[in-house]
Every structure is written in structure tokens, then in C-alpha cells.
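Inside the fold
This is what each chain is made of:
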Amino acid sequence: MTFSDHTLTLLVLIALGVGGLGVVFAIFASGGRAHRREPGGPIRLDDALRGVLDGHAKRIDRLEQAVRTLNKTDRQQQGLIEGGVRHVALLRYDAFEDVGGRLSFSCAMLDDHGTGVVLTSINGRQETRVYAKPITDGRSTYNLSSEEAEAIRQALAAPVEAVEAR
């Protein structure tokens with residue numbers, strides 16, 4: 001959004017006028033209670049401004065503390081989000097030629113660092129076997145089948161909605 005020079009000048013004059021009114025109201029509203037002066041004596045502008053500025057400084061300090069607290073909480077929550085399972089891929093396939101229906105599967109469930117687990121279910125005619133293999137940084141200390149490796153690759157390649165600090 002852009003304003004003309006005339007509009008900006010008008011806005012500055014209005015802001016100065018409102019600020020001046022605020023100082024005048026602060027002087028008369030305080031009645032000099034928070035300032036050192038003799039009863040019935042004149043109100044000094046520097047005393048009135050000091051009281052107003054001290055109040056603003058305290059509010060600014062409180063706001064800065066609140067921002068620091070929110071920033072710390074945000075970093076903690078971001079760490080929790082990154083450590084949660086956010087990358088998932090399911091690969092279905094026929095493990096044996098004589099068994100159809102793509103009942104076997106490998107499912108990779110990983111966090112943002114590629115750490116998690118790959119679950120594999122091999123379905124045959126007579127039995128079903130289930131395997132779980134730990135994954136760290138996208139790799140496992142166990143031998144991975146081609147289907148398990150593909151599930152991990154798909155999980156890490158899948159876009160995840162970013163949850164970023166605002």
C-alpha cells in the first residue's frame with residue numbers, strides 16, 4: 001500500500017497531535033501524585049514525561065519477556081513436531097507368485113530425520129509373517145528387502161505440510 005506525500009504529511013501531523021494530547025492528558029490525569037512536587041506547585045513537563053516513560057518501559061519489558069517465552073515454547077514444539085511420525089508410505093505387493101491380491105505390504109513410518117520403523121507383512125497361502133525393522137537416517141542395520149527400501153524412499157520423498165514458526 002502506498003500513500004501520496006500529502007497523505008503521509010497529514011498522517012504525521014495527526015499522530016503528533018494525538019501524541020501531544022496524550023502528554024497533556026497524562027499531566028492532568030496524574031495530578032502530580034506520582035511525581036515529587038510541592039502541593040499547589042507547578043507540574044514540570046519532565047516529571048510528567050518521566051512517569052509516562054517509566055510506565056511504557058515496564059510494559060515493554062513485560063512484552064519482551066512474553067516474546068522470549070513464546071519463542072522458547074515455539075522451539076520446543078518445533079522439536080516435538082520434527083520428532084513425530086510425519087513421513088509414511090505403504091507399498092502393497094504379491095510376495096509369492098502363487099498368491100494374488102497384493103496382500104503383502106511394507107509400511108515405512110519415519111520422522112523428519114528419517115528415523116522410525118518399517119513394518120512388513122508377508123502373506124502366503126498357509127501363514128503370514130510380520131517383521132519390524134528399525135530405521136535411522138533412512139537406513140537399517142538389518143537387511144532390507146527391495147520393497148522395504150522402496151517404502152522408505154517413498155516416505156522420505158513424500159511432501160509433508162510444513163509446520164513453521166510464524
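Residues numbered from 1 in each chain as written. Predicted model: local features only at pLDDT ≥ 70, side-chain atom pairs only at ≥ 80, totals over all residues. Heavy atoms only, no water.

Regular strands have side chains that alternate between both faces of the sheet. Here strand 1 (residues 87-93) shows a clear split, with His-87, Ala-89, Leu-91 and Tyr-93 buried on one side and none of Val-88, Leu-90 and Arg-92 buried on the other. Two strands pair when backbone bridges link them, and strand 1 and strand 2 (residues 104-110) are joined in this way by seven bridges, in the antiparallel orientation. Each bridged residue has a counterpart across the sheet, and for Val-88 the counterpart in strand 2 is Met-109. (Buried < 20%, exposed > 50% of the residue type's maximum accessible area, 1.4 Å probe, protein only. Helix = DSSP H or I, 4+ residues; strand = E, 2+ residues; numbered from the N terminus. Pairing = 2+ DSSP bridges.)

Turning next to unusual backbone geometry. Phi is positive for Arg-102, close to 45°, though the residue is something other than glycine. Residue placement: Arg-102 occurs in the loop between strand 1 and strand 2.

Quick look at the environment of Ala-132 now. Residue position: Ala-132 is located in strand 4 (residues 128-135). C-alpha of Ala-132 to C-alpha of Ala-108: the two residues are 24 residues apart in sequence and 9.7 Å apart in space. Once you skip the residues sitting within four places of it in the chain, Ala-132 turns out to touch Val-117, Val-118 and Leu-119. (Contact = heavy atoms within 4.5 Å.)

This part covers the environment of Arg-92. For Arg-92, the position within the fold is in strand 1. The class for Arg-92 is partly exposed, based on a relative accessible area of 41%. Once the C-alpha coordinates of Arg-92 and Cys-107 are considered, the two residues, 15 residues apart in sequence, prove to be 8.6 Å apart. Those residues in contact with Arg-92 that lie beyond four places of it in its chain are Gly-101, Arg-102, Leu-103, Ser-104 and Phe-105. There is a polar contact of 2.9 Å between the side chain of Arg-92 and the backbone oxygen of Arg-102. (Polar contact = N/O pair within 3.5 Å; in protein donor to acceptor, adjacent residues only side chain to side chain.)

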